[in-house]
Amino acid sequence: DYLPGRGLISGDTYGNRDNRMLAAVAYLDGVHPSMIFCRGYYTEAFIAAFDFDGKNLTRRWYSENPTAGQGLYGQGNHNVTVADINGDGFDEIIYGSAALKHDGTLLYRTGFGHGDAMHVSDMDPDREGLETYDVHEDGLAATYTEELRDKDGKVIWGTLQATYGDGKGVDNGRGLAADIDSTNRGFEMWSGTSGGVRTVKGELLSTNKPSVNFRVYFSGDLQDELLDATGSGGSGGKIEKWNPTTKSVGRFLNLYGINNSTLNNYTKANPCLSADIFGDWREEIITRSSTDPSVVNIIV
């Protein structure tokens, strides 16, 4: 039987809230890859870890979180990230606003609730471990609209929900962290509701706020570029580059002119894939053609 199995139908009438599924690969013993299967992130959350030796499938651990206010319950995002955030040689599972240790036990729970986007990396090179930048949807219940936290889940800086005049907080649906500015040490980050681009210290770098969908390491220099749509319906696609002098972006490449490339999902403008598939230390962008469904474009 598939594990985690279906849970209770409590979030809505068709199983969506309780049964969203995610998966990942994690080096839980520091050497061998394990498979991670997840179900549920708005309310109940369950994560199973399996090992495969080429013949036998073995369950390593199973994390069950059925109780409100405890563990991973209600903390999940529309994504799961795996990384060795504390430098102990074993991967942790970063499940939105909470994280599991490599043995499946709880590392931390912030209580900030569900969010759409997060980024995990060594954003502050002067701080031990990896940092997590996360945005949240749960209004005042989330405490923050966005926050940067350390390897132990402690908030480094954040934008409080209570700063919004309606007293209800906001649903912050987008957030992006990337190393775009060569004059600032560490990453820069901004979100759909932030007042501009901030540093890892929480300092306002610029009130100019670029696109907030995707970062891509495309040009081959030391900074990231930004990937976004050029029109309604996710059409076209563009790559923009931050200018550290003017603190604003300029167009680097139009994707639509490359064999009618188009992005997916009009609200998010997803590429089919953005990854270093050729191993040249630059990320390629894979798109589909808007005119010929048999065509796949690889943009280098």
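Nothing here was measured: the structure is a model prediction, and the numbers come from that model.

**Q** Even after reading the chapter, I still don't get the overall build of the protein chain, so can you show me in this structure?
**A** Within the protein chain, the regular secondary structure consists of 1 helix and 24 strands. Radius of gyration (C-alpha) of the protein chain: 20 Å, near the 19 Å computed for a compact globule of 300 residues. A total of 300 residues make up the protein chain; the buried ones form 47% of that total.

**Q** Looking at this model, I keep getting lost on the sheet that holds strand E5 (residues 81-83). Mind explaining?
**A** Within a sheet, adjacent strands bond to each other through the backbone by hydrogen bonds, running parallel or antiparallel. With antiparallel pairing, 4 strands are arranged side by side in an open sheet as E5-E6-E7-E8. If you trace the sheet from one side to the other, it starts and ends with E5 and strand E8 (106-109), each paired once. Strand-to-strand twist in this sheet, taken as the mean axis angle between neighbours without regard to direction, amounts to 20°. Two elements, E5 and strand E6 (residues 92-95), share 3 bridges in a ladder whose sense is antiparallel.

**Q** Hey, could you run me through the environment of Gly-89 in this one?
**A** Residue position: Gly-89 is located in the loop between E5 and E6. Owing to a relative accessible area of 39%, Gly-89 belongs among the partly exposed residues under this scheme. Placed 52 residues apart in sequence, Gly-89 and Phe-37 show a C-alpha to C-alpha distance of 21 Å.

**Q** Would you explain the packing of aromatic side chains in this entry?
**A** Aromatic rings in a pair are described by how distant their centres are and how their planes are angled relative to each other. Tallying each qualifying case throughout the model produces 7 aromatic pairs. Seen from their ring centres, Phe-112 and Tyr-144 are 5.2 Å apart, and the 75° between their planes marks the pair as edge-to-face. Taken together, the residues Phe-112 in the loop between E8 and strand E9 (118-121) and Tyr-144 in strand E11 (residues 144-149) connect sequence positions 32 residues apart. The exposure classification of Phe-112 matches that of Tyr-144, with both residues buried. The cationic tip of Arg-282 hangs over the ring face of Phe-218; the distance from NZ or CZ to the ring centre is 5.3 Å.

**Q** Which parts of the structure should I look at to understand the pattern of salt bridges?
**A** Oppositely charged side chains may form a pair once their charged atoms are brought near each other. Under the definition given, this model contains 14 salt bridges. Residue Glu-240 is joined to Lys-238 by a salt bridge in which the shortest nitrogen-to-oxygen separation is 3.5 Å. A relative accessible area of 10% means that Glu-240 is categorised as buried. We classify Lys-238 as buried; its relative accessible area is 13%. Of the charged contacts in the structure, one is a salt bridge between Arg-282 and Asp-280, with a shortest N-O distance of 3.5 Å. What emerges from the salt-bridge pattern is a single network uniting Asp-124, Arg-127 and Lys-201.

**Q** Quick question: what am I supposed to make of the side chain of Glu-92 here?
**A** For Glu-92, the position within the fold is in strand E6. Comment: no salt bridge for buried Glu-92; closest opposite-charge side chain is Lys-101, at 8.8 Å. Of note is the side chain of Glu-92, whose polar atom sits 2.8 Å from the backbone nitrogen of Ile-85.

**Q** Explanation requested: the nonpolar core in the structure shown.
**A** In this structure, Leu-28, Ile-36, Ile-47, Trp-61, Leu-72, Ile-93 and Tyr-95 are the most contacted members of the largest nonpolar core, which totals 18 residues. Broken down by secondary-structure element, the contributors of at least two residues to this core are strand E1 (21-26), strand E2 (34-39), strand E3 (45-52), E6 and strand E7 (98-100). Apart from the residues lying within four places of it in its own chain, the contact partners of Leu-72 are Thr-43, Ala-45, Ile-47, Ser-63, Asn-65, Tyr-95, Ala-98, Ala-99, Leu-100, Leu-106 and Arg-109.

**Q** Quick question: what am I supposed to make of the sheet that holds strand E12 (residues 155-160) here?
**A** Pairing in this open sheet of 4 strands is antiparallel, and the strands run E9-E10-E11-E12 from one edge to the other. Of all strands in the sheet, those bounded by a partner on one side alone are E9 and E12. Across the sheet, the mean angle from the axis of one strand to that of its neighbour is 10°, orientation sign disregarded. Here E11 pairs with E12 via 5 bridges, running antiparallel. What sits directly across from Glu-146, in E12, is Thr-159.

**Q** Whenever I open this one, the environment of Asn-260 confuses me. Can you help?
**A** Within the element layout of this structure, Asn-260 appears in the loop between strand E20 (248-254) and strand E21 (261-262). Judged by relative accessible area, which is 27%, Asn-260 ranks as partly exposed. Sequence-distant contacts of Asn-260, defined by excluding residues within four places in its chain, comprise Arg-288, Ser-289, Ser-290 and Thr-291.

**Q** I tried to follow the pairing of strand E19 (residues 238-243) on my own but got confused; where do I start?
**A** Taken residue by residue, a regular strand's side chains alternate between the two faces of the sheet. Judged from the 3 bridges that link them, strand E18 (residues 225-228) and E19 form a sheet pairing that is antiparallel. Across the sheet, Leu-226 pairs through a bridge with Glu-240, a residue of E19. By the bridge criterion, 6 bridges tie E19 to E20 in an arrangement that is antiparallel. Bridged to Lys-241 within E20 is Gly-250. Here E19 folds back onto E20, and the loop between the two strands holds 4 residues, one of which, Lys-247, carries a positive phi near 55°.

**Q** Can you help me understand a nonpolar patch on the surface in this one?
**A** On the surface, a nonpolar cluster with roughly 560 Å² of combined accessible area is contributed by Leu-273, Ile-277, Phe-278, Val-296, Ile-298 and Val-300. If you trace the backbone, Phe-278 turns up in the loop between strand E22 (273-275) and strand E23 (284-289).

Conventions used here
- Residue positions within a chain follow its written sequence, with the count starting from 1.
- The predicted origin of the model limits local features to residues at a pLDDT of at least 70 and limits the giving and counting of side-chain atom pairs to 80 or more, whereas totals for whole chains, interfaces and linings rest on all residues.
- As a rule here, side-chain values come from all non-hydrogen atoms in the structure, and water together with hydrogens is ignored.
- The secondary structure listing takes helices from DSSP runs of H or I that are at least 4 residues long and strands from runs of E that are at least 2 residues long, numbered from the N terminus.
- The globule rule is 2.2 Å times the number of residues to the power 0.38, and the radius of gyration it is compared with is taken over C-alpha atoms.
- Three exposure classes are used, based on accessible area relative to the maximum for each residue type with a 1.4 Å probe and protein chains only: buried under 20%, partly exposed in between, and exposed over 50%.
- Strands pair, by our definition, only if DSSP identifies at least two bridges between them.
- Angles here are taken between N-to-C directions and fall from 0 to 180 degrees, while the axes themselves are lines fitted to C-alpha atoms, restricted in helices to the stretch in contact.
- Pairing of aromatic side chains here covers Phe, Tyr and the six-membered ring of Trp, requires ring centres within 6.5 Å, and sorts the geometry by plane angle: under 30 degrees stacked, over 60 edge-to-face, intermediate tilted.
- In this scheme, the term charge over a ring applies when either NZ of a lysine or CZ of an arginine sits within 6 Å of the ring centre and within 35 degrees of the ring normal.
- Here a salt bridge means any side-chain nitrogen of Lys or Arg lying within 4 Å of a carboxyl oxygen belonging to Asp or Glu.
- By the counting rule applied here, Lys and Arg register as positive and Asp and Glu as negative, while His and the ends of each chain are not counted.
- Here a polar contact is taken to be a pair of N or O atoms separated by no more than 3.5 Å, where protein atoms must pair a possible hydrogen donor with a possible acceptor and residues adjacent in sequence count only if both atoms sit in side chains.
- To form a nonpolar core, buried Ala, Val, Leu, Ile, Met, Phe, Trp, Tyr and Cys residues must be joined to one another through side-chain atoms within 4.5 Å.
- In this description, contact between two residues means that some pair of their heavy atoms is separated by no more than 4.5 Å.
- Like charges within 9 Å and nonpolar side chains (Val, Leu, Ile, Met, Phe, Trp, Tyr) within 5 Å are joined into patches, using only residues over 30% in relative accessible area that form no salt bridge.
- For the accessible areas, the method is Shrake-Rupley and the probe is 1.4 Å, while residue cover comes only from the protein chains on display.

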